[in-house]
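Residue-level structural notes
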Amino acid sequence: MSQDILNQSFSLPNGSVVKNRLVKSALSETLGTTNNHPTIGLARLYQRWAMGGMGILITGNVMVDRRAIGEPNNVVVEDERDLDLLKAWAKAGTQNGTQLWMQINHPGKQSPRGLNKQNVSPSAIPFGKELTAFFATPRELTHDEILEIIQRFGTTAAIAKKAGFSGVQIHGAHGYLVSQFLSGHHNQRTDQWGGNPENRRRFVLAVYAEMRKQVGDKFPIGIKLNSADFQKGGFTEEESLDVIRALSEAGIDMIEISGGTYEAPVQMNGTPVKESTRRREAYFLEFAEKARATTKTPLMVTGGFRSLAGMQDAINSGAVDFVGLGRSLAIEPDIGNRLLAGEEPRYQVKPIKTGIKMVDNMALMEIVWYARQLHRMAQGQAPKPTESALTALMFSMTDNGWRTFKTRRLRA
């Protein structure tokens, strides 16, 4: 077993070389303007991370349609109006030999009530009763609207390439639109886009094909995919393995394995895990081993890594090719350099709990608290690993309420 495995470079199927095995997984920055343009704060944040030693940095979700955002202050890329700002972001995030991939997303129905004029989804299925106060029942997409969204994913990928990003990632996990199409719970259509697993994965395959058409064979395209969504009647491990096989055959360059949705957060909110998982650290490593048996496509697992040995073991096992770190980068932006030097992380990521059951069960603070640390770094400040959850919640409720109000006024 190699103790230096994290330092080893890796060649993706398209020939692109990643300098090491550490990847920053996507974190929601919400650092766009009220009307969804990128800002210089994003360049400042990603420059700091680029100097921190990671091989790839994957951005937070960039939306493909201004009419469909998942949070206030999401960045939207649907044309070239912000090309200069995107170039500045890409230049900052590709320093130090780092690759910067843009994560591309559409929220579907997973957008706070009232933020968009209306939310859409494969089917008009409401959220469970625990979340209906926060998310409105969506309207079912028409066939022509589905084709338009597929085209938008491709357009955004092409603009990312033109701006100087190193690659793109489809967000196919955590309950957003691609994930909704894959789930038998959310997708109850009876046309070519639903009705059975093969039809339900037609959307993600079409999104990938359109992206590939617009960016060419040599530009990296990855996907973040649920191992399962842990909902009754939802996306299963068997279906996920079938999607992995199909995407691999289509030529995708990397698959990041995750799991859960806001209705069933699983490890998104620190839910207890099996002892076998705890010993091996990574939440989805067992599923990755199943995926490895079905594909040679590079695999990445994010979530649960706590130690240098745990990361080394995951790659040395052969199950994965890359270690994904997310929240660690929000409190320790130079963690990559430490790990590559054979040092342990300074801080351990812990569940952020307010003591308010409804808030804690939604995994809300896993976004809110860490987003505040990103905002600090975007302003040139240091993260604050000891900030209390209640303080973050108080400031976030005030800030998000105001940002949502301003967004609604723009869309009225």
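Described in the following lines is the structure provided in the data block. (Residues numbered from 1 in each chain as written. Predicted model: local features only at pLDDT ≥ 70, side-chain atom pairs only at ≥ 80, totals over all residues. Heavy atoms only, no water.)

**A look at helix H2 (residues 83-93)**
Note the threshold: Burial classification: accessible surface area is computed with a 1.4 Å probe over protein chains only, and a residue below 20% of its type maximum counts as buried, one above 50% as exposed, and the rest as partly exposed. The secondary structure listing takes helices from DSSP runs of H or I that are at least 4 residues long and strands from runs of E that are at least 2 residues long, numbered from the N terminus. Contacts: residue pairs with any heavy atoms within 4.5 Å of one another.
Buried within H2 are the following residues: Leu-83, Leu-86, Trp-89, Ala-90, Ala-92 and Gly-93. Contacts made by the buried residues of H2 are with helix H1 (40-50), strand E4 (56-58), strand E5 (62-63), strand E6 (99-105) and helix H3 (143-163).

**Focus on the environment of Phe-153**
With respect to the element layout, Phe-153 can be found in helix H3. The sequence separation of Phe-153 and Glu-210 amounts to 57 residues, and the corresponding C-alpha distance is 7.4 Å. The residues touching Phe-153, leaving out its near neighbours within four places in the chain, are Val-64, Ile-104, Asn-105, His-106, Ile-170, Val-178, Val-207 and Met-211.

**Thoughts on the pattern of salt bridges**
Definition in use: One side-chain nitrogen of Lys or Arg within 4 Å of one carboxyl oxygen of Asp or Glu is enough to make a salt bridge.
Evaluated as defined, the whole model comprises 24 salt bridges. Between Asp-65 and Arg-152 there is a salt bridge, with its nearest N and O atoms 3.6 Å apart. Here Asp-65 is found in the loop between E5 and H2, whereas its partner Arg-152 is found in helix H3, with 87 residues between them in sequence. Residue Asp-65 is classed as buried on the basis of its relative accessible area of 5%. Residue classification places Arg-152 among the buried residues on the basis of a relative accessible area of 18%. A salt bridge links Glu-78 to Arg-152; the shortest N-O distance between them is 2.8 Å. Of the two residues, Glu-78 sits in the loop between E5 and H2 while Arg-152 sits in helix H3, which places them 74 residues apart along the sequence.

**Observations concerning the environment of Thr-137**
Summarising the element assignment, Thr-137 is placed in the loop between strand E7 (120-121) and strand E8 (139-140). Between the C-alpha atoms of Thr-137 and Lys-109, which are 28 residues apart in sequence, the distance is 7.4 Å. Sequence-distant contacts of Thr-137, that is, excluding residues within four places in its chain, are made with Ala-124 and Pro-126.

**Observations concerning the packing of aromatic side chains**
Rule in force here: Centres within 6.5 Å make a pair out of two Phe, Tyr or Trp rings, where for Trp the six-membered ring is used; the pair is then stacked when the planes are under 30 degrees apart, edge-to-face when over 60, and tilted otherwise. In this analysis the charged atom, NZ for Lys or CZ for Arg, is taken to sit over a ring once it is within 6 Å of the ring centre and within 35 degrees of the ring normal.
Evaluated as defined, the whole model comprises 9 aromatic pairs. Where Phe-10 meets Phe-322, the ring centres are 5.1 Å apart and the plane angle is 70°; that geometry is what we call edge-to-face. Pair noted here: Phe-10 is in strand E1 (residues 10-11) and Phe-322 is in strand E13 (residues 322-325), with a separation of 312 residues, a long-range link. Through a chain of ring-to-ring contacts, the aromatic side chains of Tyr-46, Trp-49, Trp-89 and Phe-165 assemble into a single cluster. Cation over ring: Lys-109 sits above Phe-127, and NZ or CZ is 5.1 Å from the ring centre.

**Focus on the side chain of Gln-103**
Which entries qualify depends on this criterion: Definition of a polar contact: a pair of N or O atoms within 3.5 Å, with one able to donate and the other able to accept a hydrogen when the atoms are protein atoms, and with sequence-neighbouring residues admitted only if both atoms are side-chain atoms.
With respect to the helices and strands, Gln-103 occurs in strand E6. Polar contacts involving the side chain of Gln-103 include one to the side chain of Gln-169, which spans 2.9 Å. When residues no more than four places from it in sequence are discounted, the contact partners of Gln-103 are Ala-26, Ile-58, Thr-59, Gly-60, Asn-61, Val-62, Gln-169, His-171 and Lys-224.

**Digging into the packing of helix H7 (residues 237-250) against helix H9 (residues 285-292)**
Convention followed: Convention adopted: a line fitted to C-alpha atoms gives each axis, helices being fitted over their contacting stretch, and angles between N-to-C directions are expressed from 0 to 180 degrees. Each angle gets one of four labels, with under 35 degrees taken as roughly parallel, over 145 as roughly antiparallel, 65 to 115 as roughly perpendicular, and the rest as oblique. In this scheme the handedness of a crossing depends on how the near helix is turned from the far one: anticlockwise by less than a right angle means left-handed, clockwise means right-handed. Residue classes follow a fixed rule: Ala, Val, Leu, Ile, Met, Phe, Trp, Tyr, Cys and Pro count as nonpolar, while Asp, Glu, Lys and Arg count as charged, and any other residue, Gly among them, counts as polar.
Running from N to C, H7 and H9 cross one another at 45°; their axes reach a closest spacing of 10 Å. For the element pair H7 / H9, the angle class is oblique. At the point where H7 passes H9, the crossing takes the right-handed sense. Contacts from Glu-237, Ser-240, Leu-241 and Ile-244 of H7 reach H9 at Phe-287, Lys-290 and Ala-291. When the residues that make up the contact of H7 with H9 are grouped by side-chain class, the tally is 4 nonpolar, 1 polar and 2 charged.

**Examining unusual backbone geometry**
Glycine aside, the phi torsion of most residues is negative, and most peptide linkages are trans. The residue Asn-73 is not glycine, and still its phi comes out positive at about 70°. With respect to the helices and strands, Asn-73 occurs in the loop between E5 and H2. Take Asn-73: its relative accessible area is 7%, and that puts it in the buried class. Here the phi dihedral of Asn-96 falls at roughly 65°; this positive angle occurs in a residue that is not glycine. With respect to the helices and strands, the residue Asn-96 is situated in the loop between H2 and E6.

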